[in-house]
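# Observations on the three-dimensional arrangement
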Amino acid sequence: MKGGQSVNHFTPEIDLHQEIIELKREKNAVLLAHFYQRPEIQEVADYVGDSLGLSQAAAKTDADIIVFAGVHFMAETAKILNPTKKVLLPDLSAGCSLADSCPPEAFGPFVEAHPEHFVVTYINCSAEIKALSDYVCTSSNALKIISAIPKTAPIIFAPDKNLGSYLIGQTGRDMLLWEGSCIVHEAFCIDKLLELYHKHPDALIIAHPESEEHILKIANYIGSTSAMITYVKRHPREKYIVATEAGILHEMQKEVPDTILIPAPAVEDNSCACSECAFMKTNTLQKTYHCLRDETPEIKVPETIAKTALVPIERMLKLSK
């Protein structure tokens with residue numbers, strides 16, 4: 001108190017975007033961000049992409065520090081590819097419902113019970129699950145990975161049953177599916193989607209293969225996040241209803257600023273009336289700044305698991321060149 005009046009001390013707000021840029025330069029750090037991240041994080045990232053692109057970027061970076069604006073399994077993969085580098089995740093609670101649906105203590109015995117099967121796991125799984133695999137894949141390269149396995153060989157595909165079903169339909173392969181799924185891609189409401197389509201009958205429906213079969217059946221195009229963006233870029237005069245996590249719309253709209261993009265509706269009513277991944281949105285620009293400034297939280301993977309998991313990841317990267 002001074003003269004009976006309180007003295008206010010104002011702390012000027014820092015420009016988080018600029019601070020992150022400066023910290024990246026000072027620390028020789030790279031910021032990798034998934035398409036589903038908040039727009040403000042995507043805008044300051046060095047690379048924005050899907051799981052395959054992010055893995056490729058992580059594999060070739062010469063940075064000392066990797067800040068991974070994504071979810072836990074993505075940062076784990078970057079650490080496996082870069083055992084000597086420091087890998088940071090803005091918020092350790094950024095998990096994945098699909099990865100959680102395939103716990104190692106259950107998947108291990110499942111694999112042991114089918115010793116004649118090749119094990120192909122979607123990258124949306126833990127390091128422990130990758131260590132139990134012969135190949136890792138993403139939605140971008142899954143068809144290529146499956147095609148690399150002898151045609152007569154039976155396959156276990158985990159953890160996403162929807163992507164697995166889609167791949168069986170595309171390849172005709174004998175695959176034993178793990179019963180896992182992504183709550184984001186299973187949240188699309190077919191009734192609301194058809195209602196939205198009736199309002200926009202001139203729109204094309206594009207969908208991610210993690211979506212349920214009834215969504216894929218009415219889609220005009222099915223592809224990974226990066227493939228969906230590429231498709232829209234090649235056909236910019238169309239109108240689109242986009243059935244994947246709504247974060248993709250930021251980058252997609254930048255690529256086709258004059259194209260009408262409509263997020264597919266979710267079962268639950270929410271602020272955006274679309275399907276969003278709460279885990280992806282856990283990361284914020286402020287958390288990203290603090291993460292880089294303090295170099296924490298850091299991702300650690302036990303060496304024995306990391307070495308074993310690296311083998312199927314490297315097989316994937318080799319086949320994806």
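One can find the structure itself at the top, above this paragraph.
As a starting point, this report considers the structure included with it. Note that the structure is predicted; figures quoted are calculated from it, not measured.

## Focus: the pattern of salt bridges
Tallied over the full model, the rule gives 14 salt bridges. Here Glu179 and Lys161 are joined by a salt bridge, their closest N and O atoms 3.6 Å apart. Of this pair, Glu179 sits in the loop between β8 (175–177) and α10 (190–199) while Lys161 sits in helix α9 (residues 161–171), placing them 18 residues apart in sequence. Overall, the relative accessible area of 25% leaves Lys161 in the partly exposed class. Overlapping salt bridges bring together Lys27, Lys86 and Glu295 as one network.

## Overview of the sheet that holds strand β4 (residues 86–88)
The strand order across the open sheet formed by four strands is β2-β1-β3-β4, and the pairing between neighbours is parallel. The open sheet has two edge strands with one neighbour each: β2 (47–49) and β4. Neighbouring strand axes in the sheet, compared pairwise and without regard to direction, differ in orientation by 20° on average.

## Some thoughts on the side chain of Ser51
Its place among the elements puts Ser51 in helix α3 (residues 51–60). The residues contacting Ser51, other than those within four sequence positions of it, are His34, Phe73, Met74, Ile123, Asn124 and Thr138.

## Quick notes on the pairing of strand β1 (residues 29–34)
When you tally the buried positions in β1, you get six out of six residues, the bulk of the element. Neither face of β1 is left uncovered, since the one carrying Ala29, Leu31 and Ala33 and the one carrying Val30, Leu32 and His34 both have all their residues buried. Summarising the sheet, β1 and strand β3 (residues 65–69) pair through five bridges and their orientation is parallel. Bridge pairing in β3 places Ala29 opposite Ile65. Across three bridges, the pairing between β1 and β2 is parallel.

## Examining the packing of aromatic side chains
In total, this model carries five aromatic pairs according to the counting rule given. On the numbers, 5.4 Å between centres and 90° between planes, the contact of Phe107 with Trp178 is edge-to-face. Note that Phe107 is positioned in helix α6 (residues 104–112) and Trp178 in the loop between β8 and α10, a separation of 71 residues in sequence. One exposure class covers both Phe107 and Trp178, and it is buried. Among the aromatic residues, ring-to-ring pairing joins Phe107, Phe110 and Trp178 into one connected group.

## Remarks on α6
Taken together, the buried positions of α6 are occupied by Phe107, Gly108, Phe110 and Val111. Around the axis of α6, the buried residues are gathered within 165° of arc, so they sit on the same side. Summarising the geometry of α6, the exposed residues directed more than 90 degrees from the buried face are Glu105 and Glu112. Along its buried surface, α6 packs onto β5 (118–122), α7 (127–130), β7 (155–158) and β8.

The rules behind these values
- Residues numbered from 1 in each chain as written.
- Predicted model: local features only at pLDDT ≥ 70, side-chain atom pairs only at ≥ 80, totals over all residues.
- Heavy atoms only, no water.
- Salt bridge = Lys/Arg side-chain N within 4 Å of Asp/Glu carboxyl O.
- Helix = DSSP H or I, 4+ residues; strand = E, 2+ residues; numbered from the N terminus.
- Buried < 20%, exposed > 50% of the residue type's maximum accessible area, 1.4 Å probe, protein only.
- Pairing = 2+ DSSP bridges.
- Axes fitted to C-alpha atoms, helices over the stretch in contact; angles between N-to-C directions.
- Contact = heavy atoms within 4.5 Å.
- Phe/Tyr/Trp six-rings, centres within 6.5 Å; stacked < 30°, edge-to-face > 60°.
- Arc of directions from axis to C-beta.

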